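This is what each chain is made of:
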Amino acid sequence: MRIDTIIENARITTVDPGRPRAQRVGILGGRIVGFDEELEGVTADSRIDLGGAPVVPGFNDAHFHFSMVGLEMTQLDISPTVAPTLEVLYQRVEEFAGTRPEGAWVRAQGYDQNKLGQHPDREVLDRIAGGRPVYLQHSSHHMAVANTAAFALAGYPDLTRITAPDGGSLGFDERGRFTGLIQEQAMDLVAHVFRPLQHEELIEGLDAASQWCLRNGLTSASEPGVGGRMIGYGPADIHAFQTARDRGLLKTRLTLMPYMDAMHGLGPVGGRDGWGLDHGIRSGLGDEWLRIGPVKVLSDGSLVGRTAAMCCDYQDAPRNAGYLQQDQDTLQANIVAAHTNGWQIAAHAIGDRALDVVLDAFAAGQAEAPRANTRHRIEHVAVASDEQVARIIAGGHVPVPQGRFISVLGDGFQAALGTERLELAYRMRSFVDGGVELPGSTDAPVVTGEPLPSLHDMVNRRSERGNPVGLREALTPGQALRAYTHGSAYAVHEEHYKGMLVRGNLADLVVLSDEIAGVAPERIKNIEVRATMVDGLFQYDAEGVLAPA
Ligand SMILES: [Zn+2]
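A short tour of the structure in this document, coming up. (Residues numbered from 1 in each chain as written. Predicted model: local features only at pLDDT ≥ 70, side-chain atom pairs only at ≥ 80, totals over all residues.)

1. What about the pairing of strand 11 (residues 134-138)?
No. 1: Here strand 11 lies mainly inside the structure; five of its five residues are buried.
No. 2: Neither face of strand 11 is left uncovered, since the one carrying Val134, Leu136 and His138 and the one carrying Tyr135 and Gln137 both have all their residues buried.
No. 3: Both strand 10 (residues 106-111) and strand 11 contribute to a ladder of five bridges, which runs parallel. Across the sheet, Tyr111 pairs through a bridge with His138, a residue of strand 11.
No. 4: As paired strands, strand 11 and strand 12 (residues 143-146) are joined by three bridges and run antiparallel to one another. (Buried ≥ 20, exposed ≤ 12 C-beta atoms within 10 Å, placed from the backbone. Helix = DSSP H or I, 4+ residues; strand = E, 2+ residues; numbered from the N terminus. Pairing = 2+ DSSP bridges.)

Structure representation (structure tokens):
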């Protein structure tokens, strides 16, 4: 028998409990055909000697805003690493504005008022931008600051009369002056002018994101929110993803989550009121490169912004327990309609109050139309009591926590939740011990999307200042790796062809500098991605050493 490739002299961690380790793997037609002794007598067109390097399945980020990661590469970066103070931030915005044509938008990404001391201010932005409209997005993507010219272009020339829409809020200073801060649904007061995005711009971003993913060992990702009014770029987003694939630019396997507000009535379908996308397209359509996944819905906001709906007040914000993004009845009706129409659901719930609302809605859907193996997801699950953890496990739901949040946002969680409730934050081990296939994710670009530092945080659970963040919820390196490969595939019903290196699965794998379970836990983040294989081909090779022998 002759196959395409044999990778040999490797230290392979397969994540398959039936054969956890191997030295050789054979590949034919982009799929794995066997290991070690199964390859005896088999010849291959190319043999690749890895010199003893560690290999793991390709990483899969279960909640990764792929298109945003790419598009942000084309905007000004104002994240705390490059703009640690308001003064520096204003300076960067002023310089960037000076390079833009007169009247052009000045868009920047990634500020965090927790690190700056306060949000940037509308009137300062008026002074430094030379009359140009300015839109500064917060790192959480749940709020932004815009200047007067931006509001005028968006249809709000008189800011003394501006009011917040339902599910949103505005920022005012002590004197009652509007500061330009728009939160949650209020972001759309300005953000509507950016949609729909030109397809070529979006495709350029998808290309950039795909290249970035290859360098970082991400071979698959789920994109939480396309095609919506609140999340996504326009009603024809998926067309751009398909075009990127047609042009050979997409080297990352993507599962796309349409946003709930793109769904609509479809007339009678199978004796029920149909609800979904045109033509009745729903979760599962597509192939191993580009698939329609769950429908994404937001129940509440963010912890960093203190807008997530909590059972009790924020530790540092008395009389604020956050709020739901839409009224509970509408949210539940939408979730039930999606469930009864065969959709997998991915519901964003950060606060423990929002979590109850989502779990109630899932239960209402099941009561109306029982379905097996739905794997309805709850994105983030930032705060969950023991009872809520038990309810998630019993329901067969998939919680989708973010590893990287632990270090980058952990100190902020402590301020928001206080020490006692911090123990309930971003629980992981309780789920794994309860038999849940936990996925790995980052919510990039909310924080940066590299898988290894995120996996590191799932094991170490320390904030940037070194404080423990719920150490009882720490995973072993093996559990974290399983989450970042098999778990993320399971979270979108794709574990039967990827996530583990087993015969018949896709040949997506990563060559690392060190074994994840072979270094001290505090060094996992320093492990480097040396090469990335997608579909049986090395698409990234840091040192150019993988030319076949
Ligand atoms: Zn997200």
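2. Side note on unusual backbone geometry
No. 1: Put simply, Arg195 and Pro196 share a cis peptide bond, and its omega is -10°.
No. 2: Along the chain, Pro196 falls in the loop between helix 6 (188-191) and helix 7 (199-215).
No. 3: A cis amide bond links Ala444 with the next residue in sequence, Pro445, at an omega value of 5°.
No. 4: The phi torsion at Asn9 lies on the positive side, around 55°, for a residue other than glycine.
No. 5: With respect to the helices and strands, the residue Asn9 is situated in the loop between strand 1 (2-8) and strand 2 (11-13).
No. 6: One non-glycine residue with positive phi stands out, namely Tyr426, at about 40°.
No. 7: Secondary-structure assignment places Tyr426 in the loop between helix 13 (410-422) and helix 14 (429-433).
No. 8: A residue is classified by how many C-beta atoms lie within 10 Å of it, and Tyr426, with 26 of them, is buried.

Geometric values such as these leave the question of function open.
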